[in-house]
Structures are given as C-alpha cells and as structure tokens.
Amino acid sequence: ERQPRGPISIAGWSFGGIVAVDTARVLAARGRDIGAVVVLDTPAEPERTGLADAGDAAVLAALLGRDTDDFAALLDAAGADGVVPREMSPDHVARIIAMARSHIRGADSHRPGGLAAALTLIRASGESRPKFDRTLGWSRVAAQINVIELPGRHTDLLRGENAATLATLFAAMHHQSAREKIDV
C-alpha cells in the first residue's frame, strides 16, 4: 500500500533473512515486482540446535559464539562486544533472549520454498559453518544467488564499517533493480 508501484527491495539479518525471503515470495505471488532480496548471514535451513528449549546462558553463549555457561561472564562479553549496551539490566537481556528463543523456534520449524527472484547473501567471514555450502543452502532455493563476504562475525555485520558497506550495497542494489524494472 505504501509503495503501490515499482519493485520492492527487502532485506533481513539473522532470522529476519528467513522473513525477508518468505515476504518476497508472498509479494511475488500477489503480482508485485521484486527487486533486491538480501539475506544477511542467514542459512536457508538453520541448524536444528535444540536451543529453543535451552537455558538463557546456553542461548546467549550460542548467540555470542562463546563456550561458557557463566551467565555473568556472558553478559560482560555481550557488553564488551557491543552486542548489548553495558548498562542493560539482566532482566532486559533475559527478554531479548526470550525473543531470540522464539526466533529459533520459528527457524527450526521453517522449510524454505522456492524463490524466483535473485537473492544476495551477505555472509560473515568470521563464522565457521561446516554443515553448509558457500551459499548457506540458498542455492537450492533461489533462482540466482550472489554471495558477498564481509569481515567479522554474525553480530558484527550491522556495526562499524560493515554498516556503511551495507548501506552502500543496499542503495546500489535498490537502484539497479529499479532501473531494470522501469518500463520505457
């Protein structure tokens, strides 16, 4: 409704990547032109980790890529890494973990459908994912795929120089898809 004409560009990070792809599929089925579809460090079918039923410390450790179950140490690490503000209360962090847990449940139950539009996957080069190919499984889903790697871990993609790089990439992709869809 807000954009009744022209191509729709959509992106999502982490669980949001799954939401972005499914949203693009629904919009395409309704006859909308799909421009850029971008997923940021999202596997097509995330690993079934069992984290949906794990304790807060286990979920936070997995999100941070840390190997400890000491919740206080994990909170300190999350603050030091800039994942959460240092002054954030443990109760607030627990609510964020509860939200992450619901995203994990959604990802665990998700089965990707085909995507006719081209997809760009932006991967974090600092993540080791031996169970996945270079496309994190999206080559089985998308008609066309482009893979871009940015430095750092999953939680680093939206910060610092990576954020500026993403803004430039998104603008270029959106303008490119808009030019390709214009009827002359």
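Scroll up to find the structure this text is about.
The paragraphs below set out a description of the structure included in this document. (Residues numbered from 1 in each chain as written. Predicted model: local features only at pLDDT ≥ 70, side-chain atom pairs only at ≥ 80, totals over all residues. Heavy atoms only, no water.)

Re the pattern of salt bridges
- On inspection of all chains with the given rule, the structure shows seven salt bridges.
- Here D56 makes a salt bridge to R101, at a shortest N to O gap of 2.9 Å. Placement of the pair is D56 in helix α2 (residues 56–64) and R101 in helix α4 (residues 90–109), with a sequence separation of 45 residues.
- You can call D56 partly exposed: its relative accessible area is 29%.
- R153 serves as the salt-bridge partner of E127, at 3.5 Å between the closest nitrogen and oxygen. Taken as a pair, E127 in the loop between β3 (115–124) and β4 (142–150) and R153 in the loop between β4 and α5 (160–181) lie far apart in primary sequence, 26 residues in all.
- Residue classification places E127 among the buried positions, given a relative accessible area of 17%. (Salt bridge = Lys/Arg side-chain N within 4 Å of Asp/Glu carboxyl O. Helix = DSSP H or I, 4+ residues; strand = E, 2+ residues; numbered from the N terminus. Buried < 20%, exposed > 50% of the residue type's maximum accessible area, 1.4 Å probe, protein only.)

A word on the pairing of strand β1 (residues 8–13)
- Burial along β1 is one-sided: the residues I8, I10 and G12 are buried and none of S9, A11 and W13 is.
- Pairing geometry for β1 and strand β2 (residues 34–40), over five bridges, is parallel. Along β2, the bridge assignment pairs A11 with V38.
- A crossover connection joins β1 to the parallel β2 through helix α1 (residues 15–29); in handedness this β-α-β unit is right-handed. (Pairing = 2+ DSSP bridges. Right-handed = clockwise from strand over helix to strand, strands pointing away.)

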